[in-house]
Amino acid sequence: MIFSELISDLQTELKKNMPQIRFLLKKNPGMGYTRIVEIGKEVGKKYKIKLIVNFPKEGRIEEFEMYGKRDLSLIVDYERKRFPIDREIIKEKATEMLGDVQTQDAYMYENKEGVRVFTKNWKIDILPHSVHIWTEFDERVTAFCNWLMENAYQMKKIE
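Okay, so let's go over this structure. (Residues numbered from 1 in each chain as written. Predicted model: local features only at pLDDT ≥ 70, side-chain atom pairs only at ≥ 80, totals over all residues. Heavy atoms only, no water.)

As a further point, take the overall build of the chain. The secondary structure content of the chain amounts to five helices and six strands. Counted from the first residue to the last, the chain has its helices and strands arranged as α-α-α-β-β-α-β-β-β-β-α. Over its C-alpha atoms the chain spans a radius of gyration of 16 Å, differing by no more than 12% from the 15 Å that the globule rule assigns to 159 residues. Counting every position in the chain, which comprises 159 residues, the buried fraction comes to 47%. Expressed as a percentage of contacts within the chain between residues at least 6 apart in sequence, the contacts between residues at least 24 apart total 57%. Of the roughly 8,900 Å² of accessible surface on the chain, 49% is carried by carbon and sulfur atoms. The average position of the 28 basic charges and that of the 26 acidic charges among the side chains of the chain differ by 4 Å. (Helix = DSSP H or I, 4+ residues; strand = E, 2+ residues; numbered from the N terminus. Rg over C-alpha atoms; globule rule 2.2 N^0.38 Å. Buried < 20%, exposed > 50% of the residue type's maximum accessible area, 1.4 Å probe, protein only. Contact = heavy atoms within 4.5 Å. Areas by Shrake-Rupley, 256 points an atom, 1.4 Å probe, with all protein chains shown as cover. Lys, Arg positive; Asp, Glu negative; His and termini not counted. Charge placed at Lys NZ, Arg CZ, Asp CG, Glu CD.)

Close contact between helix α4 (residues 87-98) and helix α5 (residues 139-151) brings their axes to 9 Å; oriented N to C, the two are set at 155°. Here α5 runs roughly antiparallel to α4, going by the angle between their axes. Of the two possible hands of crossing, α4 and α5 adopt the one that is right-handed. Taking contact as the criterion, the partners of Ile-89, Ile-90, Lys-93, Ala-94, Met-97 and Leu-98 in α4 are, on α5, Arg-140, Val-141, Ala-143, Phe-144, Trp-147 and Leu-148. Classifying every residue of the contact of α4 with α5 by side-chain character gives 10 nonpolar, no polar and two charged. (Axes fitted to C-alpha atoms, helices over the stretch in contact; angles between N-to-C directions. Parallel < 35°, antiparallel > 145°, perpendicular 65-115°, else oblique. Left-handed = near helix turned anticlockwise from the far one by under 90°. Nonpolar A, V, L, I, M, F, W, Y, C, P; charged D, E, K, R; others polar.)

A separate point is the environment of Ile-2. Tracing the backbone shows Ile-2 in helix α1 (residues 2-16). Remark: the alpha-carbon pair of Ile-2 and Tyr-33, spanning 31 residues in sequence, is separated by 25 Å.

For the structure on display, the rule yields five aromatic pairs. Ring centres 5.8 Å apart and planes at 65° place the aromatic pair Phe-64 and Tyr-67 in the edge-to-face group. Across the pair, Tyr-67 and Phe-64 agree in class, each one buried. Aromatic side chains Phe-144 and Trp-147 sit 6.2 Å apart centroid to centroid with 15° between the ring planes, which places their arrangement in the stacked category. With Phe-144 and Trp-147 both in helix α5, this residue pair falls three residues apart, about one helical turn. Residue Trp-147 is classed as buried on the basis of its relative accessible area of 14%. Among the aromatic residues, those joined into a cluster by ring pairs are Tyr-33, Phe-55, Phe-64 and Tyr-67. (Phe/Tyr/Trp six-rings, centres within 6.5 Å; stacked < 30°, edge-to-face > 60°.)

Written as C-alpha cells, this is what we have:
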C-alpha cells in the first residue's frame, strides 16, 4: 500500500500549497514548476525515494485538480540494474491487474532490464531502479503500483 500512501501524501501537500503554486505559475511559470518539484521531493524523502511530478503534455500544469493523480516518476535506487523477481511475473501481474494492456521487455541493454506496460493511450515504464507512470491513477493502476512497490522494489510500509 506504499504507493497509495505516497500519492495521498503528495496530493495533500500539493493541495495545501496550491495558492502559492497558482500564484507562482501566474507570476513565473518556471518558479511554479520548481515549487511543485520541490514538494514532490519533500514527500518522496519520507519514503526514501526520489519523487518527480511530471507534466509531459502542454497545458497539463494548468489542470490543478490532477496534481499528484497522474504522470509521476519514482526513483527507488539508481544503482539497481535487475529486478528481484522475474520480469515475466511483472508482465503477468500487469495483465492480471490492469486487464487489456500490452507488455514488452524494455531498456534491455548494458545488462539492464525493464518492462513497459501500455495501451494506445498510456504507459508505465518499469525499470529496476524506477517506475514512470504516464497515466491517471485509477483504482487498477494504483493497485498495480502498490503491488510493484512491494514486489519489484521490495518496499514496505513505513511505520
